[in-house]
Amino acid sequence: MPDAHRIVTRRDMFAAAGLAAGALTVDGARAAAPAVSVPTAPVSVAKIASYDQDLVAQFQQMFDEIGGIGHLVRGKTVAMKVNLTGASGRGRHVGLTAGQTSWVHPNVVGALTAVFAKQGARRIRILESTFRKNYGAPLEDTLLNDGWDVAGIKSAGPLVEFEDTNGLGQAKQYSVLKVKSRPYIFPAFSLNHSYEDCDFFVSVAKMKNHEELGITLSMKNLFGITPELLYGLAPKPPGASPWVRERVFHYGQVPPPAGVPQEIDPSSDRYEGWRMPRLLTDLCGARPIDLAVLDGIETIIGGEGTGMPGTKHAKPGLLVVGRNCVCTDAVAAATMGYNPRAGRHEAPFRLYKNPKGHPPEQLVPPGETQQYADNTMLMGEGAGIGTADLSRIDLRGVPIKDAMYDYEAHWKGQAPV
Amino acid sequence: MADGRKGLLLIGLLASVASIPAQLRAGAGKPEGWVPIRWDGGPLEVSRRAKDTALAGRPAQREAIGRWYDPATLDLLRGTPLNCILVTLSAGADPELEERQHLLVREYARVARQRGIAVLGIVHPGSSPVKAAIAAAGAGLDGLVLDGDFSEESKFMAALESALREQNSEALVIPIARHASSVGMADTTPAIADPPPLAPLAVAGVRPSARDLADMGIRAGASAEPWIESNIWMVRFLRFQSGRRPIWIDQQPNPSAAGDYIRCVADAAVAGGRWMVSLDDDLRMRLYQRDAAALATWQRIASYLRFAEDHADWRGFQPYGNVGVLFDAAAQDAEFADEYLNLVARRQVPYRLIPRSSLRPAALAGFRAVLAPTLAPPTETERKILRDFAEQGGLLVTGPAWGNPPKDDPYAEVPTGKGRVAVYREDPPDPGDLARDLLELLPPEVMGLSVFNVPSTISYASTTASGKSVLIQLLNYAGTPSVRVTVRFNGIFKTARLYTPENPPAELAARATADGRTEVAIPRLEAWAALILE
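Residues numbered from 1 in each chain as written. Chains lettered and ligands numbered in written order. Predicted model: local features only at pLDDT ≥ 70, side-chain atom pairs only at ≥ 80, totals over all residues.

**Student:** Could you give me a rundown of the overall build of chain A, with the residues and numbers involved?
**Tutor:** Scanning chain A from N- to C-terminus turns up 13 helices and 16 strands. Here chain A, with 417 residues, has 57% of them falling under the buried criterion. (Helix = DSSP H or I, 4+ residues; strand = E, 2+ residues; numbered from the N terminus. Buried ≥ 20, exposed ≤ 12 C-beta atoms within 10 Å, placed from the backbone.)

**Student:** Explain the overall build of chain B to me, and be specific about the residues and the numbers.
**Tutor:** The secondary structure content of chain B amounts to 15 helices and 26 strands. Expected size for 534 residues packed as a compact globule is a radius of gyration near 24 Å; at 24 Å, chain B falls within 12% of this value. Dimensions of chain B, computed from the C-alpha atoms along their principal axes, are close to 75 × 50 × 50 Å. Looking at the 534 residues of chain B, the share that counts as buried comes to 50%. Long-range pairs, those at least 24 residues apart, make up 77% of the contacts in chain B with a sequence separation of at least 6. (Rg over C-alpha atoms; globule rule 2.2 N^0.38 Å. Contact = placed C-beta atoms within 7 Å.)

**Student:** Any details on the sheet that holds strand β24 (residues 510–512) of chain B? Residues and values, ideally.
**Tutor:** Residue and element names in this part refer to chain B. Taken together, the four strands give an open sheet; going across it, the order is β18-β21-β25-β24, and neighbouring strands pair in antiparallel fashion. Each end of this open sheet is capped by a strand with a single partner; those strands are β18 (449–452) and β24. If you compare each strand with its neighbour and ignore which way they point, the axes differ by 20° on average. Relative to strand β25 (residues 517–525), β24 is paired through three bridges, and the arrangement is antiparallel. From the neighbouring strand, alanine 510 faces β25, where its bridge partner is valine 520. (Pairing = 2+ DSSP bridges. Axes fitted to C-alpha atoms, helices over the stretch in contact; angles between N-to-C directions.)

**Student:** Got a sec to walk through the environment of glutamate 161 of chain A? Specific residues and values, please.
**Tutor:** Residue and element names in this part refer to chain A. Here glutamate 161 is to be found in strand β4 (residues 160–164). Glutamate 161 sits 22 residues away from leucine 139 along the chain, and the two C-alpha atoms are 9.7 Å apart. Residues in contact with glutamate 161, not counting those within four places in the same chain, are Arg123 and Arg125.

**Student:** Account for the confidence of the model for chain B, with residues named and values stated.
**Tutor:** Residue and element names in this part refer to chain B. For chain B, per-residue confidence averages 89 on the pLDDT scale, and 90% of positions sit at 70 or higher. Scored below 50 in pLDDT, residues 1–27 shows 60 contacts in the model against residues more than four places distant or in partner chains. Below a pLDDT of 50 lies the segment residues 183–192, which in the model reaches 28 contacts outside its immediate sequence neighbourhood of four places, other chains included. Across the predicted assembly, pTM comes out at 0.89 and ipTM at 0.87. (pLDDT = per-residue confidence, 0-100.)

**Student:** Which residues make up the nonpolar core, and what are the values?
**Tutor:** One finds Leu144, Val265 and Leu531 of chain B to be the most contacted residues of the largest nonpolar core, which totals 266 residues. With residues near it in sequence (within four places) discarded, valine 265 of chain B still touches Trp275, Ile301, Tyr304, Leu305 and Ala308 of chain B. Listed in part, the five residues of the second largest apolar core include Met308 of chain A together with Leu213, Ala220 and Ala224 of chain B. (Core = buried A, V, L, I, M, F, W, Y, C linked by C-beta atoms within 7 Å.)

**Student:** Can you lay out the sheet that holds strand β14 (residues 369–372) of chain B for me, pointing to particular residues and giving the numbers?
**Tutor:** Residues and elements named next belong to chain B. Strand order in this open sheet of six strands is β13-β12-β14-β15-β17-β16, and the pairing throughout is mixed. This sheet does not close on itself; its edge strands, each paired only once, are β13 (351–355) and β16 (411–416). Taking the axes of each pair of neighbouring strands and ignoring which way they run, one obtains an average angle of 20° across the sheet. Sheet analysis places strand β12 (residues 323–327) next to β13, joined by five bridges and oriented parallel. Along β13, the bridge assignment pairs glycine 324 with arginine 352. Each of β12, β13 and β14 touches helix α12 (residues 334–346); the most contacted strand, β12, lies at about 160° to it.

**Student:** If you had to explain the packing of helix α8 (residues 232–242) of chain B against α12 of chain B to someone new, which residues and values would you point to?
**Tutor:** All names here are of chain B. Following both chains from N to C, one finds α8 and α12 inclined at 125°, their axes separated by 9 Å at the closest point. When the interaxial angle is binned, α8 and α12 end up oblique. Crossing hand, α8 versus α12: right-handed. Between α8 and α12, the contacting residues are Ile232, Trp233 and Phe237 on the first element and Leu341, Asn342 and Ala345 on the second. (Parallel < 35°, antiparallel > 145°, perpendicular 65-115°, else oblique. Left-handed = near helix turned anticlockwise from the far one by under 90°.)

**Student:** Report on the packing of helix α5 (residues 95–114) of chain B against helix α6 (residues 129–139) of chain B, specifying residues and quantitative values.
**Tutor:** Residues and elements named next belong to chain B. It is the contact of α5 with α6, at a shortest axis distance of 9 Å, that shows an interaxial angle of 30°. Between α5 and α6, the interaxial angle falls into the category roughly parallel. You can see that α5 and α6 cross each other, and the crossing is right-handed. Of the residues in α6, those in contact with Glu98, His102, Val105, Arg106 and Ala109 of α5 are Lys131, Ala135, Gly138 and Ala139. Of the residues that constitute the contact of α5 with α6, the class distribution is four nonpolar, two polar and three charged. (Nonpolar A, V, L, I, M, F, W, Y, C, P; charged D, E, K, R; others polar.)

**Student:** Account for unusual backbone geometry, with residues named and values stated.
**Tutor:** Going from valine 364 of chain A to proline 365 of chain A, the amide bond is cis rather than trans, its omega being -5°. Position of proline 365 of chain A among the secondary structure elements: in the loop between β14 (350–352) and β15 (370–372). The omega angle of the peptide bond from aspartate 427 of chain B to proline 428 of chain B is -10°, so this bond is cis rather than trans. Following the sequence through the fold, proline 428 of chain B ends up in the loop between β17 (419–424) and α14 (431–441). One non-glycine residue, histidine 345 of chain A, adopts positive backbone phi at about 70°. Residue placement: histidine 345 of chain A occurs in the loop between α10 (325–335) and β14. A positive phi is found at arginine 484 of chain B, a non-glycine position, where the angle reads about 60°. Within the fold, arginine 484 of chain B resides in strand β21 (residues 482–490). The exposure class assigned to arginine 484 of chain B is buried, which follows from the 20 C-beta atoms found within 10 Å.

Here it is as structure tokens:
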């Protein structure tokens with residue numbers, strides 16, 4: 001099916017020149033491996049039956065498998081951006097915690113905190129941007145909403161801090177972080193100070209499907225570092241999305257407020273399936289991920305939030321860890337049964353776009369619900385962040401074929417239970 | 001006035017007239033102390049349900065129900081708080097069958113009364129009021145319960161009352177109101193030292209449960225909570241309206257699940273009502289056969305009923321809330337107005353009710369926010385009272401009739417004096433949206449109570465008149481326990497004691513927070529827990 005949206009921009013061509021032109025093929029065919037080298041790093045995969053296992057020992061082993069992190073965190077400030085989709089803790093399947101479905105599990109975060117502390121981290125900070133606006137509750141309260149043992153996590157290291165990064169937080173001004181990879185949409189972002197005030201940055205994400213992007217992994221997790229309280233300062237025009245991040249980032253309906261870095265080309269495509277993979281890549285370029293940790297021990301399949309019809313609780317039993325976010329996400333995608341080099345209209349990037357939940361202009365031609373997203377991993381590859389080519393990634397731990405949990409098959413009820 | 005409310009208004013009036021001398025209740029206790037269970041049975045019940053294909057296909061169940069008025073079934077009640085049985089009395093069936101049932105009930109009721117059990121006869125549509133009254137009087141029944149859709153219920157009730165008087169029976173007449181939106185009648189009994197007992201107010205409730213919105217085909221946001229069906233708000237509302245009258249909730253839970261049964265008990269009891277215990281056919285059959293698993297389920301139900309009755313003093317606690325919900329008993333769209341009470345409770349926002357007829361400046365003292373979404377249109381006097389409330393620092397949440405609603409946004413916050421007015425665009429505002437927005441509009445200290453990790457739970461806070469004791473009840477509607485529930489409440493309290501039906505009372509650590517609140521961590525919430533702060 002030919003794409004109704006604009007397919008390849010000059011900027012795409014420029015960014016992809018000699019790197020990952022195959023990722024942007026017009027017909028949505030699978031991308032060929034990049035012609036020239038982009039960074040690669042080892043990725044470790046483990047099969048974990050339960051959150052009650054000794055995750056501290058597990059992470060230590062996996063970190064050893066990817067070359068160790070002690071030398072990187074010793075005496076340093078480590079910041080973990082944890083994936084708390086919805087960021088209230090109230091979004092649940094009945095009888096399940098958010099940590100079992102749409103959030104990273106507290107045992108994962110607790111174990112990581114303990115490992116970083118053991119490896120000599122001076123300060124460990126746990127970060128996420130919540131949606132609360134008027135009466136910003138501390139991040140710890142959000143975590144209590146899912147029954148996290150906040151006191152226990154605090155005691156896992158010498159100095160453990162929490163900060164809600166949806167606004168200024170503890171700082172008096174926002175930090176402007178420039179995109180250090182090849183930028184697609186934004187040259188820089190204004191962010192909470194926490195993303196600058198750290199020496200070692202960890203993206204701790206859940207392995208899930210995603211309504212608009214197909215899958216959400218360590219790169220997608222960085223969408224939550226954007227502060228709504230800043231980007232929402234511009235007045236909302238009539239008819240624009242009520243959600244700040246959607247109107248500024250997903251659809252580009254309004255520019256960021258004055259004083260905040262603006263889009264490179266405000267006339268670029270407004271389709272979210274085109275914008276978001278590029279925007280996420282820009283975010284990963286602005287705040288590079290030093291360590292990607294993917295929690296797929298338990299999760300939901302079929303969407304990123306529990307409110308989506310058809311989502312199912314699942315126990316893939318997976319942990320994936322790596323130093324390069326593109327490489328790590330590529331391996332994780334493979335363990336989920338997806339081709340990490342898949343193109344538009346291939347799983348998981350062929351999408352049903354719910355007409356009730358999206359502006360009409362997002363459905364092109366009008367009313368068409370069969371849409372796509374570009375492959376974020378290939379965007380990252382195109383920007384020079386890392387390779388999504390499995391043949392170039394040093395796999396450690398459990399082989400992909402033994403670790404694989406086919407999300408599509410389980411979602412459709414085709415996989416054996 | 002909505003039809004449902006009109007109907008119940010009349011029903012309530014008639015029922016409240018039927019107050020009875022306490023001395024006539026010897027052995028059965030006063031209606032205030034009745035703990036009811038539906039005990040439908042006998043050949044008339046089997047005949048009445050002849051078209052029930054599920055029962056028709058299960059001869060053992062049919063037999064158990066048909067023989068239910070074997071006095072041995074009364075042994076099941078021994079050791080439980082249940083002291084009021086509702087037996088099948090009349091259904092307008094074949095006269096011979098009706099007569100046989102009446103004789104059976106007469107003998108069964110005699111044995112029950114000897115054991116101190118009150119007996120109420122269930123009257124179904126199609127019955128003759130005169131024959132039902134004669135049967136009730138003959139069996140010395142304590143009351144009659146009207147169950148079903150009577151085409152002209154108020155006429156039927158009047159005829160029944162008249163026939164009972166002719167038989168010199170002082171049996172109460174208790175109609176089961178069919179609609180959850182119904183409103184109870186106020187207790188108009190003068191404040192005297194030993195007031196006469198009042199007929200319970202029985203209302204059909206919902207089946208307590210928690211479900212995923214996605215499973216209901218609803219696409220919701222990532223932070224959407226499960227959908228909880230609960231009667232807590234309705235019991236609160238009816239108790240507020242009806243004064244001393246006992247509130248009974250009538251509904252049948254999912255079959256054969258002990259968890260559902262205990263939740264039904266708790267759901268009615270949290271705010272001071274009682275569930276008209278109703279067992280499914282399979283459980284009844286197995287109880288009749290004295291099946292061990294069924295008896296264990298029965299004992300679990302009894303333990304929850306006992307817990308509720310052991311703490312009957314909690315019914316005397318007053319609802320807590322810095323948020324007032326202004327309601328209009330004569331509102332055109334009663335069900336819509338009720339939904340605010342339901343959904344605000346579901347968002348864990350403690351509130352107290354303010355009748356529109358009582359709206360005075362003094363009535364708003366002690367409130368920090370007032371919800372008046374359906375006050376359309378407010379009178380000039382009401383408008384002034386509410387504006388003054390906002391100007392003095394309160395938050396008023398209201399609909400577009402207030403004036404200047406936003407054109408695009410769902411609501412606009414308008415600074416007013418020292419306070420604010422939140423004006424909604426929609427008329428009336430969507431109850432679900434409004435309830436959700438309250439979490440943004442109200443700072444925690446105005447909410448007073450904050451409860452964490454309770455997506456499938458409803459909380460209800462109440463206090464003694466002095467405010468020195470606070471009771472926070474939590475009811476978990478999910479089938480699995482919640483682990484690490486955290487409760488914060490305004491003020492510093494020295495002790496925190498947790499009461500549950502499963503375990504003896506436990507002292508928990510009460511931690512004072514920097515902002516003048518008390519925090520308590522509850523390690524595990526099975527179904528029903530009550531935390532008392534002092």
